[in-house]
Structure formats: structure tokens, C-alpha cells
Amino acid sequence: MSIPQEHDYIGLSEPLPVEKSSDKILPSSSASGIEKNSVLNLRETELRLGLPGSESLERKAGNWVSLFGKDLKDESGNGLCQGSLKSFVSGAKRGFSDAINGSGKWGLSISGGSEVDLGKNDVLFSPRGVCKGNNTMQSCLPGTSVKEISSVKAVEEEEEKKNESGNTAPASKAQVVGWPPIRSFRKNTLATNSPKNSEVAGKSGSGCLYVKVSMEGAPYLRKIDLKTYRCYAELSSALEKMFSCFTIGQYGQGLAGQERLSESHLMDLLHGSEYVLTYEDKDGDWMLVGDVPWEMFTDSCKRLRIMKGSDAIGLAPRTMQKCKSQN
Amino acid sequence: MNPDPKKSKVLPSNLPNSNGSSHPHSLFPDEVLEKVLSLIDSHKDRNSVSLVCKDWYNAERWTRSNLFIGNCYSVSPEIVARRFAKIKSVRLKGKPRFSDFNMLPRDWGANVHSWLVMFAKAYPFLEELRLKRMTVSDESMELLAKSFPQFRALSLSSCDGFTDDGLKAITTHCGNLTELDIQDSVTVDVGGGWLSCFPENFSSLEILNFSSLNSEVSFEALEKLVSRCRSLRVLKVNENITLDQLQRLLVHAPLLTELSTGSFLQELTPRQYEDIESAFGNSKNLQVLSGLWDATSFYLPVLYGACSGLTFLNLSDAVLQSGELAKLLAHCPNLRRLWVIDTVEDKGLEAVGSSCPLLEELRVFPVDPYDLDHRHGVTEMGFLAVSRGCRKLRYVLYFCRRMTNAAVVTIVQNCPDFTHFRLCIMNPRQPDFLTNEPMDEAFGAVAKNCTKLRRLSVSGLLTDTTFEYIGKYAKNLETLSVAFAGSSDRGMQCVLEGCPKLRKLEIRDCPFGNAALLSGLKKYEMMRSLWMSACNLTMKGCRLLAREMPRLNVEVIKDDGSDEIQADKVYVYRSVAGPRQDAPSVVLTL
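Each value, and the rule that gives it
Residues numbered from 1 in each chain as written. Chains lettered and ligands numbered in written order. Predicted model: local features only at pLDDT ≥ 70, side-chain atom pairs only at ≥ 80, totals over all residues. Heavy atoms only, no water. Helix = DSSP H or I, 4+ residues; strand = E, 2+ residues; numbered from the N terminus. Buried < 20%, exposed > 50% of the residue type's maximum accessible area, 1.4 Å probe, protein only. Contact = heavy atoms within 4.5 Å. Areas by Shrake-Rupley, 256 points an atom, 1.4 Å probe, with all protein chains shown as cover. Salt bridge = Lys/Arg side-chain N within 4 Å of Asp/Glu carboxyl O. Pairing = 2+ DSSP bridges. Axes fitted to C-alpha atoms, helices over the stretch in contact; angles between N-to-C directions. Parallel < 35°, antiparallel > 145°, perpendicular 65-115°, else oblique. Nonpolar A, V, L, I, M, F, W, Y, C, P; charged D, E, K, R; others polar. Core = buried A, V, L, I, M, F, W, Y, C linked by side-chain atoms within 4.5 Å.

Q: Teacher, can you tell me more about the overall build of chain A here?
A: Along its length, chain A carries 13 helices and 5 strands. Residue burial in chain A is summarised as follows: out of 327 residues, 51% are buried. Look at the contacts in chain A between residues 6 or more apart in sequence, and 63% of them connect residues 24 or more apart. For chain A, the exposed area adds up to about 14,900 Å²; of that, 53% sits on carbon and sulfur atoms.

Shown next, in the form of C-alpha cells:
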């Protein structure tokens, strides 16, 4: 089977191996039914070019984007979807590089109207991408550092302090030999940790983590880079924009400052919304998004699926138990 | 008057009797003295004993069996061979500590070979050799393997120079080996064939550590080895060993007290998961656990069954978040030592404070030492949280990107028993995060409050005031590490005039010049060594020191591109062996 060349909406292409369903499941998995479905539905969930119902498996560059755009424009209010999503990403990148070149403040605002607050925007992109360009540091580690955000207040205070004390902009600091005093073997170990994690989790070699997003009833899937989001709220709003023709639950809203959902939150969203966001983790289980800390989620998420709320109810009891046992 | 040094034993008939002899020592027979002294292990005590009088000096040197040499160049193999007769175990240290951070040229020295040649002649019954920061060639290993029929234990810490061939010689020929411990040794791909060279009937191994060696070993050979070495109590494997392989090893060795796992990330079947979980559950004797590369929250729970007896948990290879650490620590109430990576952040350290009341040692390593994003890692809050919960803390190594004077003052009030306080604020010359002042008061508080302090590493923005405090209050300080600190020569002078027990002083990137260097003239002979790099020393000052103090070796390492006047890297140490003969060309001995 030839590996399709996959391009996402930004135009970055990352050839990925075709995912095989794993026959290794975990003891806690009781969702064999769901897994069977996912195995059987592989054909349906495969990325395909062409209009819904077409049998063609080939893809050509550019068709993907235009098809999506065309469809979107047909729906009211969705004409902005792709555009805003694009600017969500590219605007953010501009904003970030402005921050580096300009005031030296790390804070940045996202054009494109994300409702995520300033604290989270600050750390939207790992500065490592910028690190590489700006100085002669040894290769920065993608994704190893924690994505958990310390309190927004502390972040803002820190920025003020930095500006007041007049420290040199960190981006321009050169590396000093033998400083910090860390043993070489320790550095090697830590440097190899990150690529391993991302390889296992996202099957990608570089600093991005593309996963497929499918939606029940949608004729085609999307691909998103999990590394471009810092928390569930951002992921949620991005997916909302992407699939805004469908309703996505309110699960993201309650997450500011929290790492995971409480029991009541889960029940709220399951009962209150038509659709829920689920993901397949490394072990082949389908999990409710929002249980685990963001970093853990990105490490273990292989693909995302927006399910009808009624289908997802079956997940809830097990998730509850996991929630309870983890707390 | 003195007993003949060559005499082997004092026979009763030789004893001077009380009415015939002229000195009071004769009432105390040498034989008895030797018997008593043979019970004394501590080399410090033995050194004191040997200074009492010549009788005691001789009695001591006949009975010393454990040899400790803190600086291999402070004495020569020949001198050692002349003095001591019955050495069975040797501990030898070579390069200055800053070699760990790539600050020494490759071929700087500390090669063990000349020592082994001497040992082969003088101590054929040598049983143990423990080396730190020394170069060990394959040739040396072969010599070691073939020269000592009773050889039992080899421990190499931060050593280099050997390959698979050298290790093969050891595993092939040392039939009585109980310990093979290779830690932190920075080697290129060494090769893994050595493990397969243990003979089929070899079963004496008790300690095996190859966790820092990169190469794959044959798992089949390892499994067979572990299953036939019934006394194995320490097993530290490298990252290449997988989880299910680990499970099989654990089944063969349920009596392990120390374990370092391999990679902790692997897709397991449910059965495999259960198996590894029960294997850990059966390891009731585990006290020390490390390795855990790539461990994630899914796999950590397999450990829980083995955690209740843990006293030392080394997570410095496991990139964990705060929640994962908290959950793990909930199962480890008896922890005395904990090493973590700063991805656990302050929140993780709060969990340390609340879960580990018996904690005595904490080390926090940075996941990315060059990370410019100052929001990651740990801060003063995490350290404070630990100090509130772990009042018995006595050893800390803390890498952070922000710290305050107030926090440190509170910390040492909570924990006055610190013996080792190593604080590394990673941004050089960074002031107090809140007040923007120097961190003088922080380390002043450490010096004042922690009366048992033996080792101190300072960082952040520091003026001479810090060193005034240290010199004045740190009466038990033995090791001091200074970087990017001080305002003038006075700083270093305060320390040299103050700390009476100072033995090792290492300084880099400080504004200390010749005046500071020369103010310690009298002191250096009482110290093991002094290191100064990127300070304001000149060749003139170093030559003056060398001239004034002939029993000090003053070595200057020339960097490329440095001029004839500046002395970039200076290493000063006392020696009874004179200047060393094996220095490479970049090292000048003055």
C-alpha cells in the first residue's frame, strides 16, 4: 500500500506511516467493541481525496484545501472557519516573532480572536522553534518541557520583573562552556528523551505531533498538530472552528487553571452536549478528552474522534473509574 | 630503638620487658597494637594514628588494608608501595571535578596504568579497585584481570578510556568477581560483548551496574547470568533492556536491594503488564530504584508494589510531571533520598514535602539546562515547600532559574542540618528575583545557620559580602564551589583566611587575581586542591606561588588563543611526589 502524501492546511507535509491497529490492548480496556469498530472503520476513516462517496484513494496537493474551503463557504458562518483558523496559527506565529524582535516581552496576543486569555497565549508556541534560529544553542528539545502552565499571575509578574531588571533578552544569550554544571551523560539522556516520546506518541520525527481528527458523520477527516496547542481550551476552540458546523460540548471551558475534569464536569458535558471529543491512546483505548493533564494527553493521543454524545456514554463509567483511581 | 620495619611479627620472646627497656611504649606490645589498629577502618583515623609516634606509624602501615588516595598525583605509586604492605582494596581519584563539565583537555592525565603496574608487584592479593575520574585503558584492564587472582570488585565512576575489549578481559578472567560497577562513565559506544564473556559456571556476582553504557548486551546472556548468580543484590541495567525483559530478570532475582531499570516504555499485552506488576510486587527487598527512562503515568503504577521499602528513588532519567510524581511518592513513605527532573515543577516538590517526611537528600536536575524559557522548571517556592515538609533535609542539589534571599533564609531555618548545600541558579549573576539585590544574605544565612555544613556551591549575583559570611561562619566547610561571583580579591581572601577545614576550592569566572591567589600560600598545603579558571590570574602570579611553595604542584592549562600573560586554568595541589611526568603539552607545571 502506498503511503499517501499528506498535506495539511498550512502546507507543511509530513509523510506518515499508515496506522496499523494494534492487537495489544491493556488489561483495563473493556472497549473491545469500540476497538473492533475502529478496525473495521479504518477504510472509512482513511484520509481520502475527492467528493464524499468517491472511491479514489489518490491525493493531489491543493485539492484538499480547496475542497474544504468550498464546502465551508456553502455553510453559513463557516466561511470564516478556515480563514480564521489559518490566521489563528499564522497570526500567532507573527505575534510570537514580534515578541522576540520587539520589546523583549514574551507576552503576545493572538490575532484571530481566540478567547484564550493572555497567560495561555504567552506560551502558545514552544520558544524552542525560535531558539534554533536565534542563537547557537545546542539543539533545543521539542516538547520535553512541561506544558502545564503555572499560574497566570506568576507569569505576568515574571515578565514585569524581567523588564524592570533589564536583563539581557534571553534569546541572545550565548552558551558558556561547562555551565550550568551538568554532567555530559545526563544531558545526553535528557536530549534523547523527547524525540522518543514524540515518536511513540505521534509517529513523527520532528517537533510536531500530527493526529487525525474524525467526526461522526463528516465525510472527511482533518489533521491537527497537537504541539500547537498548550491546553484543552485551545484544542477545543480550534476544533470548534474546524468543525463548527457541528456542535461541540462545553467541556473545554471549565479547564482554566485545572489539569483535568472533575466528575461533575464530565457528567455535565455528556448530558448537556450532542457531541463529545474522544481520543485513541497508545494502548488502543478510546478515552474521553480532558481526563489527564495536557502533556500526558499529547504524549498518548494517537487520533481524535468527535463522537455523538450518546455513543460516548459508554466511555463514561470506565473513565469515571480511572478518574477516581487517579485522584 | 625502633622495631625493624622489615620484621614481620613481634614474637612474645622479643617483647622488651618492663625492667629492661628504656621507653614506655614497650609496655604495649606491637602485636596488640596491630590487632587493635586492624579494627580501625576510617582512613582519617588511621592518618591520625600514624602521626602519634613512629611505633604507631609502623603499626598502622602494616595493618592498613584499605587505601584511599583523593588525588592520584599527590603521591606516587612507589611511595605508596614502600609504606604500605598489605593493601587489599584501593580507592583512587584522579581528575579535578570540573573535568565532568568538559573543562579539561582530553589527555589531561590521571591514567591508572602506572598504579596498576605497582599494585601487580606490591599487592598481588588486591581484591578491590574503585576509581573516580580516571582514565582506564583496555591494556590496564587486561593487566588488572590477569594480575590479581583474588580480585573481586571493580568500580568505575566517571572514568573513560576503555572499550568492550577491556571489559571482556575482566569478565573472562576474574573468576571471583562479585562487583562490576560502571557508573556515569562517559564513553563512546563501548560495545556490549563483555557481558557474554562471563564463564558458564560463573556465579559469584553480587553487584552489576552497566546502566550508563550505551551498547546493547545480549539479553540471553544477561538472563542466564542473573539466574545463576543467586547472591545478586544490585542490578542496574541500561536503557536497551525492555520492560518485559526486565520482568524476566526480576523473576530470577527476587532478593534485589537495588535496581535500575531499562526503558520503561513499551507496548505491553495485558498479561505482560500484569507480570511486570507482580514481579515488582514480589521484590520486597528493594531499597534503591533508578533508571525508568521514558516512564509515563501509565507504566509507573507497576512499581507501586515495590515502593514501600524504598529509601532512594532516582528519577533523574524519567521526565515526569507533578501529578505523576505525586502519585508515585504517595507509595514511598520511607524515602530518604530523591532525585528528580525539574519538569515536576514546584507543584511536584510540594508533593515531595507532603509525602516524604523522612527525606534527607533532594536533587533536582534541569531537563534542559539551556532552556531560555524562564517559566519552566522549579523556583524558590518548590524548595520552600520541601523545606517545610522535610525537616531532616541535609543534602540538596537544586538547579533553578529563580531564587530569593528570603526563601533561602526561611529554608535554612526550617532545615538547619544541611551538610551539603548546592544551589545552582542557572543564569549567571542573577540577583534576587523579587528584590533585585545580590544573593549575599541567602548564603550568609546558610553559613550561619548550618553549622554542620561541609559542602557549599554558590550561585547568583554575589558580592564579597557572601565570602565574608562564609569565611566567618562556615567552620566545618570542606568543599566550596564558586562561579560568576565576588567583586574583588577580598572575597577569596575571606574564604582562605576563614574556613579552617577547607580542603577543596574550585572557582570559575570570578574577579579574583594574583593577590587573592597568594593570600592562601599557607593554606594550600592543608588542602587537597585549588582550581581557578577564567579569573584574573597571570603566569607571573602562578610562578610566584610555585616558587614560594615547592611542595605544591602549580599547573596551568593553556587554552588556544590565550596569551602568554594570562593564566586561564590553574590547578594547584599538594604533593609529595613532585611535579608529574605525564602532563600533556598544554599543561605547564611551574
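Q: Where do I start with the pattern of salt bridges in this structure?
A: Side-chain pairs of opposite charge can arise where the charged atoms are in close proximity. Residues and elements named next belong to chain B. Per the stated rule, a full pass over the model turns up 31 salt bridges over all chains. Of the charged contacts, one joins Arg97 and Glu506 as a salt bridge, the two residues approaching to 2.6 Å between their closest N and O atoms. Taken together, the residues Arg97 in the loop between strand 2 (89-93) and helix 5 (113-122) and Glu506 in strand 17 (residues 504-508) connect sequence positions 409 residues apart. Judged by relative accessible area, Arg97 falls into the buried class, the value being 17%. Given a relative accessible area of 8%, Glu506 falls into the buried group.

Q: It is not clear to me how unusual backbone geometry should be interpreted in this structure. Could you clarify?
A: One can expect most non-glycine residues to show negative phi and most peptide bonds to be in trans. Omega for the bond connecting Trp179 of chain A with Pro180 of chain A falls within 30 degrees of zero, at -5 degrees, which places this linkage in the cis form. One can find Pro180 of chain A in the loop between helix 7 (152-165) and helix 8 (184-202). A positive phi angle, close to 55 degrees, is found at Arg133 of chain B, a residue other than glycine. With respect to the helices and strands, Arg133 of chain B occurs in the loop between strand 3 (128-132) and helix 6 (138-147). A relative accessible area of 11% means that Arg133 of chain B is categorised as buried. Within the chain, Arg429 of chain B stands out as a residue other than glycine whose phi angle is a positive 60 degrees. When its relative accessible area of 44% is taken as the criterion, Arg429 of chain B is described as partly exposed.

Q: Sorry, what's going on with the sheet that holds strand 4 (residues 286-288) of chain A here?
A: Backbone hydrogen bonds hold the strands of a sheet together, and the pairing may be parallel or antiparallel. Residue and element names in this part refer to chain A. Pairing in this open sheet of 5 strands is mixed, and the strands run 2-1-5-3-4 from one edge to the other. At either end of the open sheet lies a strand with only one pairing partner, and these are strand 2 (222-225) and strand 4. Across the sheet, the axes of successive neighbouring strands diverge by a mean angle of 30 degrees, strand direction being ignored. Two elements, strand 1 (residues 210-215) and strand 2, share 4 bridges in a ladder whose sense is antiparallel. Each residue of the ladder has a partner; that of Tyr210, found in strand 2, is Asp225. Its contacts with the sheet put helix 9 (residues 232-242) on strand 1, strand 2, strand 3 (275-281) and strand 5 (301-308), and the angle it makes with strand 2 is roughly 155 degrees.

Q: What exactly am I supposed to notice about the packing of helix 6 of chain B against helix 7 (residues 164-173) of chain B here?
A: Angle between the axes and distance between the axes: these two values describe a pair of packed helices. All names here are of chain B. Running from N to C, helix 6 and helix 7 point in directions that differ by 5 degrees, and their axes come no closer than 7 Å. The angle between helix 6 and helix 7 falls in the class roughly parallel. Between helix 6 and helix 7, the residues in contact are Asp138, Met141, Glu142, Leu144, Ala145 and Lys146 and Asp165, Gly166, Leu167, Ala169, Ile170 and His173, respectively. Considered class by class, the residues forming the contact of helix 6 with helix 7 number 6 nonpolar, 2 polar and 4 charged.

Q: Hey, could you run me through the nonpolar core in this one?
A: Nonpolar side chains in soluble globular proteins generally cluster together in the buried interior. Counting 179 residues, the largest nonpolar core has Leu208, Phe280, Phe418 and Phe421 of chain B as the members making the most contacts within it. With residues up to four places along the chain from it excluded, the contact list for Phe421 of chain B reads Phe383, Val396, Val408, Val412, Phe443, Val446, Leu453, Arg455, Leu456 and Ser457 of chain B. Core analysis: the next-biggest nonpolar cluster, separate from the first, contains 26 residues, Tyr229, Met287, Phe297 and Leu304 of chain A among them.

Q: It is not clear to me how helix 3 (residues 54-63) of chain B should be interpreted in this structure. Could you clarify?
A: Given 3.6 residues per turn, any residue in an α-helix points the same way as the ones three and four places further on. All names here are of chain B. Along helix 3, 7 of the 10 residues are buried, which leaves the element largely enclosed by surrounding structure. The complete set of buried residues in helix 3 reads Asp55, Asn58, Ala59, Glu60, Arg61, Trp62 and Thr63. On its buried face, helix 3 sits against helix 1 (30-37), helix 2 (43-49) and helix 4 (77-83).

Q: Where do I start with the packing of helix 14 (residues 405-414) of chain B against helix 15 (residues 440-449) of chain B in this structure?
A: Residue and element names in this part refer to chain B. At their nearest, the axes of helix 14 and helix 15 sit 7 Å apart, and the two run at 10 degrees to each other. Considering the angle they form, helix 14 stands roughly parallel to helix 15. Seen from helix 14, the contacting residues are Asn405, Val408, Val409, Val412 and Gln413; seen from helix 15, they are Asp440, Glu441, Ala442, Ala445, Val446 and Asn449. Among the residues making up the contact of helix 14 with helix 15, the classes are represented as 6 nonpolar, 3 polar and 2 charged.

Q: Can you walk me through the pairing of strand 5 of chain A in this structure?
A: Regular strands have side chains that alternate between both faces of the sheet. Residue and element names in this part refer to chain A. With 7 of its 8 residues buried, strand 5 lies for the most part within the structure. Taken together, the 4 bridges between strand 1 and strand 5 define a ladder with parallel strand orientation. What sits directly across from Val213, in strand 5, is Leu304.

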